[in-house]
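Now for the letters of each chain:
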Amino acid sequence: MNNILFICLGNICRSPLTEGFLRHHARLSHSADDFNIDSAGTGNWHSGKPPDKRAISVAADYGIDISALRARQITILDFDRFQHIIALDRENLIDLKRMSRDTSANCSLSLFSELIDNPGFVDVPDPWYGSYADFEAVSQQLDNACKALVEKFLRDD
Ligand code: 4NP
């Protein structure tokens, strides 16, 4: 079982989309049972809220329903619950590394773009301040990247 937690800032745009795309590709590769996937934010501004409407809408274009997800802030307990905590940008990774000083859990902390070959980005671009086209662009990147990430986890198993 691959226990994976995706982290962004608000947990209403990038990480719920990533969670949805990873689940989608796990299902397409008939390996949904091999993955336990969740997402959270380093910030708490949107805790309890559904994903941004634009994120819900672009995911639906791929046949992915993320509307039932609710934002939450990462806690120190997540370092024990998850084997892989994956930051979507370098700022998120800095925050996670700072938090990890307070736990002896030995989960892996990584930057999403470093886990796959030729991702085409370093940080997953944050579409929050952008337009609908920015949500479409990041969805396309996440679609490709999550397909590659499922393949990597299945290969490494
Ligand atoms: P996310 O995008 O980290 O991809 O969920 C953001 C959502 C909200 C805020 C920033 C980024 N915010 O500042 O409220």
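Notes on the structure in this doc start here. (Residues numbered from 1 in each chain as written. Predicted model: local features only at pLDDT ≥ 70, side-chain atom pairs only at ≥ 80, totals over all residues. Heavy atoms only, no water.)

### Thoughts on the site of the ligand
Lining the immediate surroundings of the ligand are C8, L9, G10, N11, I12, C13, R14, H46, D126, W128 and Y129. In the environment of the ligand, an oxygen atom lies 3.0 Å from a nitrogen or oxygen atom belonging to the backbone of C13. Here an oxygen atom of the ligand and a side-chain polar atom of H46 are 2.8 Å apart. Across the complex, the protein chains shield 91% of the 350 Å² of accessible surface that the ligand would expose by itself. Residue composition of the shell around the ligand, by class: six nonpolar, three polar and two charged. (Near = heavy atom within 4 Å. Polar contact = N/O pair within 3.5 Å; in protein donor to acceptor, adjacent residues only side chain to side chain. Areas by Shrake-Rupley, 256 points an atom, 1.4 Å probe, with all protein chains shown as cover. Nonpolar A, V, L, I, M, F, W, Y, C, P; charged D, E, K, R; others polar.)

### A few points about the packing of aromatic side chains
Across all of its chains, the model carries five aromatic pairs by this definition. Between the aromatic rings of F6 and F112, the centroid separation amounts to 5.9 Å while the plane-to-plane angle is 85°, which identifies the pairing as edge-to-face. Of this pair, F6 sits in strand β1 (residues 2–8) while F112 sits in the loop between β4 (108–111) and α5 (132–156), and the two are 106 residues apart along the sequence. Using a relative accessible area of 0% as the deciding quantity, one classes F6 as buried. Both rings, one in W128 and one in Y129, keep their centres 6.3 Å apart while their planes meet at 70°; by these two values the pair is edge-to-face. Exposure remark for Y129: the relative accessible area of 75% places this residue in the exposed category. Taken together through their ring pairs, the aromatic side chains of F6, F112 and F121 make up a single cluster. (Phe/Tyr/Trp six-rings, centres within 6.5 Å; stacked < 30°, edge-to-face > 60°. Helix = DSSP H or I, 4+ residues; strand = E, 2+ residues; numbered from the N terminus. Buried < 20%, exposed > 50% of the residue type's maximum accessible area, 1.4 Å probe, protein only.)

### Observations concerning the sheet that holds β4
Sheet architecture is open: four strands sit in the order β2-β1-β3-β4, paired in parallel fashion. In this open sheet, the two strands that pair with only one neighbour each are β2 (35–41) and β4. Neighbour-to-neighbour, the strand axes of this sheet turn through a mean angle of 25°, independent of strand direction. Pairing between β1 and strand β3 (residues 84–87): four bridges, direction parallel. The residue of β3 that forms the bridge with I4 is H84. Along the sheet, helix α1 (residues 14–28) makes contact with β1 and β2, crossing β2 at roughly 170°. (Pairing = 2+ DSSP bridges. Axes fitted to C-alpha atoms, helices over the stretch in contact; angles between N-to-C directions. Contact = heavy atoms within 4.5 Å.)

### Observations regarding the pairing of β3
Side-chain positions along a regular strand alternate between the two faces of the sheet. Neither face of β3 is left uncovered, since the one carrying H84 and I86 and the one carrying I85 and A87 both have all their residues buried. Handedness of the β-α-β unit built from β3, helix α4 (residues 90–100) and β4 comes out right-handed. (Right-handed = clockwise from strand over helix to strand, strands pointing away.)

### Description of unusual backbone geometry
Located in the positive-phi region is N11, a residue other than glycine, with phi close to 60°. Turning to its location among the elements, N11 is positioned in the loop between β1 and α1.

### Considerations on the pattern of salt bridges
Under the definition given, this model contains eleven salt bridges. Measuring nitrogen to oxygen at the nearest pair gives 2.8 Å for the salt bridge that ties D123 to R90. With a gap of 33 residues between them, D123 in the loop between β4 and α5 and R90 in helix α4 connect regions that are remote in the sequence. A relative accessible area of 46% means that R90 is categorised as partly exposed. The shortest N-O distance in the salt bridge between K152 and D156 comes to 2.7 Å. (Salt bridge = Lys/Arg side-chain N within 4 Å of Asp/Glu carboxyl O.)

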